[in-house]
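Single-letter residue listing:
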Amino acid sequence: MELILLSVLLWVALSGLTYALGVKFSARYVQNKGLWWGVLAVTFVPWIPLEHMEQHNAIPAVLFNANLQQFAEPLLAMTKRTQVASDWLNLTLMAVFLVYCVGLIAHLLVLGRQYWRVKRLCSTASKIKLGARSCYQLPITCSPFVFGLWQPKVYLPVEFDTLPEAEQQALILHELTHIDKGDHIAVVIWRILATLAWFNPFIAKMELGFIRAMEYCCDEVTIAKHSLEPLAYSKALMNSLKRAAAQPKTMNMTASFASNSLTLDDYKKRFSVILKSKKKPSNLVLIGVFVLLSSGLAYGNIQWTMGTAMAMVSKTWTYPVVTPEITSRFGHVSNFRHNKAHQGLDLAGGVGEPAMAVASGTVTIADDKTLPENYGKVVLIHHDNGYQSLYAHLDSIDVEVGEQVSQGEVIGTIGETGRVTGPHLHLEALHNNTRIDPLTLLEN
């Protein structure tokens with residue numbers, strides 16, 4: 001459970017770092033809306049569910065004893081030791097979750113109230129015909145805007161009929177470009193994301209970054225597609241900005257020519273971009289940065305989940321005996337095992353010689369009762385990445401259930417307990433509850 005809280009904190013921190021990166025690149029790629037979608041997506045890369053993230057702390061089913069009571073005893077011992085220590089953390093997580101729920105409900109109520117205010121305002125508009133287009137005129141002074149998801153409509157201010165024809169054209173074409181680009185949908189999606197992640201201030205900042213880029217892009221496309229004069233277009237924007245001062249703040253849920261989500265400095269830069277025609281920078285550098293960043297975060301996620309480099313999938317185990325001598329390999333068939341394939345690797349050794357952990361991990365079994373009597377005295381160690389190692393026929397056990405052991409640490413001594421023909425160490429390797437050949441993991 002503590003991983004949930006840690007993941008949230010790391011996500012907020014990562015959001016801040018990626019937002020700073022987005023701000024840096026937005027100075028060059030001012031019209032790139034995809035930049036902010038990319039910034040948002042990168043923050044989720046480390047939490048993409050990958051197969052290696054699965055944890056397998058339980059005793060594998062292939063080792064289960066028919067005596068469930070004996071099987072349960074070591075697990076109950078582990079639970080009792082950790083339950084008291086984790087109670088306070090569970091209470092803390094529950095309190096944090098309740099705070100989030102309360103905040104989410106409050107922000108959803110605000111979002112709903114904003115939506116219904118805009119919807120109620122739009123219901124007062126009257127339909128007007130402008131050439132082949134149908135728009136809606138409001139009885140108030142405001143900046144033109146687009147509202148509606150599935151059937152978006154352009155809403156115009158009450159004084160629209162009195163505006164110069166060039167300004168009317170700029171206003172209409174700008175809003176139609178928003179519809180063509182699907183900006184009215186993107187704005188709502190960002191509003192919902194910012195509401196769900198109300199505790200993360202950087203998501204709201206990313207939303208503002210997207211709105212800036214959206215307007216820059218819309219200006220560029222509108223002017224280029226319809227061959228408008230940049231100066232006349234700027235005048236239309238200036239006049240629309242004056243009218244926007246009178247419109248309600250709830251209009252930040254709409255795609256608007258003069259959004260009240262933008263600051264005066266944003267509009268100064270917007271005018272500069274409109275009036276100064278410059279070559280659009282290539283997106284190859286931006287794409288390359290995001291690919292490298294995403295790859296780095298994904299790789300870091302793998303390393304963090306595995307714990308240490310020593311816990312990587314293969315070629316990281318060391319032999320559990322001082323002088324390894326294999327007497328029976330994995331899959332070997334003999335009459336002693338009733339012609340069944342050998343499930344592990346037998347290593348020669350004398351009674352009392354040390355048996356060592358093949359890799360770092362947590363002891364899950366350390367007795368002669370949990371597993372079938374054939375195993376004798378057994379130690380089972382859980383490693384990272386779903387791997388487990390089993391040591392059977394021990395003479396003595398030097399570790400306890402729940403104990404953390406290091407690679408090469410002595411866990412007991414070689415013996416001949418259980419069903420054997422002589423002293424040796426029986427080693428089994430398991431991955432995701434399935435036995436595998438230990439030689440695939442042991443160092444050559």
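A brief look at the structure comes next. Predicted model, so just to flag it, every value in this text is computed and none were measured. (Residues numbered from 1 in each chain as written. Predicted model: local features only at pLDDT ≥ 70, side-chain atom pairs only at ≥ 80, totals over all residues. Heavy atoms only, no water.)

The next thing to look at is the pairing of strand β14 (residues 424–431). Every other side chain in a regular strand lies on the same face of the sheet, so the side chains alternate between the two faces. Judged by how many residues are buried, β14 sits mostly within the fold: seven of eight residues are covered. Across four bridges, the pairing between strand β7 (residues 345–348) and β14 is antiparallel. Bridge pairing in β14 places A348 opposite H424. In this sheet, β14 lies alongside strand β11 (residues 387–397) in antiparallel orientation, the contact comprising six bridges. (Buried < 20%, exposed > 50% of the residue type's maximum accessible area, 1.4 Å probe, protein only. Helix = DSSP H or I, 4+ residues; strand = E, 2+ residues; numbered from the N terminus. Pairing = 2+ DSSP bridges.)

Quick look at the packing of aromatic side chains now. Overall, the coordinates contain 15 aromatic pairs when judged by the stated rule. A centroid spacing of 5.3 Å and a plane angle of 80° characterise the contact between Y115 and W116, whose relative ring orientation is edge-to-face. For Y115, a relative accessible area of 32% gives the class partly exposed. Ring centres of Y136 and Y155 lie 5.7 Å apart, and the angle between their planes is 35°; on these two criteria the pair is classed as tilted. One end of the pair, Y136, is in strand β2 (residues 133–137); the other, Y155, is in strand β4 (residues 153–156), with 19 residues separating them in the sequence. Grouping residues by exposure puts Y136 and Y155 together as buried. By way of ring pairs, the aromatic residues W11, F44, Y100, W198 and F199 are connected into one cluster. (Phe/Tyr/Trp six-rings, centres within 6.5 Å; stacked < 30°, edge-to-face > 60°.)

Quick look at a nonpolar patch on the surface now. Nonpolar side chains collect at one region of the surface, where W37, L149, W150, I185, I189 and L193 lie side by side and expose about 570 Å² of accessible area between them. Note that W150 resides in the loop between β3 (145–147) and β4. W150 sits in the exposed class, given a relative accessible area of 77%. (Patch = residues over 30% accessible without salt bridge, like charges linked within 9 Å, V, L, I, M, F, W, Y side chains within 5 Å. Areas by Shrake-Rupley, 256 points an atom, 1.4 Å probe, with all protein chains shown as cover. Salt bridge = Lys/Arg side-chain N within 4 Å of Asp/Glu carboxyl O.)

Turning our eyes to something else, we now look at helix α4 (residues 165–181). One turn of the α-helix equals 3.6 residues, which is why residues spaced by three or four share an orientation. An ideal rise of 1.5 Å per residue puts 24 Å on 17 residues; α4 measures up with 24 Å between its terminal C-alpha atoms. If you check which residues of α4 are buried, you get E167, Q168, A170, L171, I172, L173, H174, E175, T177 and H178. Where α4 terminates, the next one or two residues include G182, which has phi positive at roughly 75°. (Expected span 1.5 Å × (residues − 1).)

In the contact formed by helix α2 (residues 34–42) and helix α6 (residues 201–226), the axes pass within 8 Å of each other and the chain directions differ by 160°. Here α2 lies roughly antiparallel to α6, going by the angle between them. For the pair α2 and α6, the crossing hand works out as left-handed. Across the interface between the two elements, W36, W37, V39 and L40 of α2 pack against I203, M206, G209, F210 and A213 of α6. In the contact of α2 with α6, the residues fall into eight nonpolar, one polar and no charged. (Axes fitted to C-alpha atoms, helices over the stretch in contact; angles between N-to-C directions. Parallel < 35°, antiparallel > 145°, perpendicular 65-115°, else oblique. Left-handed = near helix turned anticlockwise from the far one by under 90°. Contact = heavy atoms within 4.5 Å. Nonpolar A, V, L, I, M, F, W, Y, C, P; charged D, E, K, R; others polar.)

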